[in-house]
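# Structure assessment
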Amino acid sequence: MLSQEQRIEEVCKDVEALLKKKNHDYGNSFSIQFEKYGIMSAMIRMDDKMRRLENLLNGNQAQVDESIEDTLLDLVGYGNLALVELRKLKESE
């Protein structure tokens with residue numbers, strides 16, 4: 001049985017792998033959008049995922065193959081990407 005720490009590490013690795021794959025597929029789209037619109041761009045993307053999660057939890061039939069776990073991974077990913085961009089801003093000050 002995995003410890004809580006091991007489970008946290010596992011989830012972090014999953015998020016890292018997902019972000020790298022999506023960044024490869026979509027280019028650096030989050031970074032580009034963040035440069036243009038700032039933190040609001042992260043809030044909008046995260047809000048979209050929160051609406052998605054709400055729909056899934058309410059039992060609405062999904063038209064797209066995205067699970068609750070997929071949605072939560074995306075939420076964590078967007079938070080991670082937002083932190084990356086905020087840190088980049090701090091470094092450039």
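Every value quoted in this text rests on a predicted model; they were computed, and no experiment measured them. (Residues numbered from 1 in each chain as written. Predicted model: local features only at pLDDT ≥ 70, side-chain atom pairs only at ≥ 80, totals over all residues. Heavy atoms only, no water.)

## Focus: the packing of helix α2 (residues 29-37) against helix α3 (residues 39-57)
Helix packing geometry: the angle between the two helix axes and the distance between the axes. Viewed as axis vectors pointing N to C, α2 and α3 meet at an angle of 125 degrees, and their least axial separation amounts to 6 Å. Overall, the two elements α2 and α3 adopt an arrangement that is oblique. In this structure, α2 uses S29, F30, Q33, F34 and Y37 to contact α3, whose residues at the interface are I39, M40, S41, A42 and R45. Partitioned by chemical class, the residues of the contact of α2 with α3 number six nonpolar, three polar and one charged. (Axes fitted to C-alpha atoms, helices over the stretch in contact; angles between N-to-C directions. Helix = DSSP H or I, 4+ residues; strand = E, 2+ residues; numbered from the N terminus. Parallel < 35°, antiparallel > 145°, perpendicular 65-115°, else oblique. Contact = heavy atoms within 4.5 Å. Nonpolar A, V, L, I, M, F, W, Y, C, P; charged D, E, K, R; others polar.)

## Some thoughts on the packing of aromatic side chains
Tallied over the entire structure, the rule returns two aromatic pairs. The interplanar angle of 25 degrees and the centroid separation of 6.0 Å between the aromatic rings of F30 and Y78 together place this pair among those described as stacked. Separated by 48 residues along the polypeptide, F30 in helix α2 and Y78 in helix α4 (residues 68-92) bring together distant segments of the chain. Like F30, the residue Y78 is buried in the burial classification. Ring pairs connect the aromatic residues F30, F34 and Y78, which therefore count as one cluster. (Phe/Tyr/Trp six-rings, centres within 6.5 Å; stacked < 30°, edge-to-face > 60°. Buried < 20%, exposed > 50% of the residue type's maximum accessible area, 1.4 Å probe, protein only.)

## A closer look at a negative patch on the surface
Among the surface-exposed residues, E10, D14, D65, E69 and D70 lie close enough to one another that they form a single negatively charged patch. Mapped onto the negative patch, the elements with two or more residues apiece are α1 (4-26) and α4. Tracing the backbone shows E69 in helix α4. In this structure E69 comes out as exposed when scored by relative accessible area, which is 54%. (Patch = residues over 30% accessible without salt bridge, like charges linked within 9 Å, V, L, I, M, F, W, Y side chains within 5 Å. Areas by Shrake-Rupley, 256 points an atom, 1.4 Å probe, with all protein chains shown as cover. Salt bridge = Lys/Arg side-chain N within 4 Å of Asp/Glu carboxyl O. Lys, Arg positive; Asp, Glu negative; His and termini not counted. Charge placed at Lys NZ, Arg CZ, Asp CG, Glu CD.)

## Topic: the UniProt feature "domain: Nucleotide modification associated" (unreviewed entry) in the protein
UniProt marks residues 22-86 with the feature "domain: Nucleotide modification associated" (unreviewed entry), using the numbering shown here. The span residues 22-86 is 80% helix and 0% strand, and its two end C-alpha atoms sit 20 Å from each other. (UniProt positions renumbered as here; feature names shortened; annotations may be inferred.)

## Here's the deal with α4
Helix length check: α4, at 25 residues, gives a terminal C-alpha distance of 37 Å against a target of 36 Å (1.5 Å per residue), a fit within 8%. Taken together, the buried positions of α4 are occupied by T71, L73, D74, L75, G77, Y78, A82 and E85. Where α4 is buried, its residues contact α1, α2 and α3. The N-cap residue of α4 is S67: its side-chain oxygen and the backbone nitrogen of E69 are 3.3 Å apart. (Expected span 1.5 Å × (residues − 1). Polar contact = N/O pair within 3.5 Å; in protein donor to acceptor, adjacent residues only side chain to side chain.)

## A word on a nonpolar patch on the surface
Taken together, I39, M40, M43, I44, L83, L86 and L89 make up a surface patch of nonpolar side chains, about 620 Å² in accessible area. Those elements that place two or more of their residues in the nonpolar patch are α3 and α4. Per-element tally for the nonpolar patch: the top contributor is α3, with four residues. Take L83: it is sitting in helix α4.

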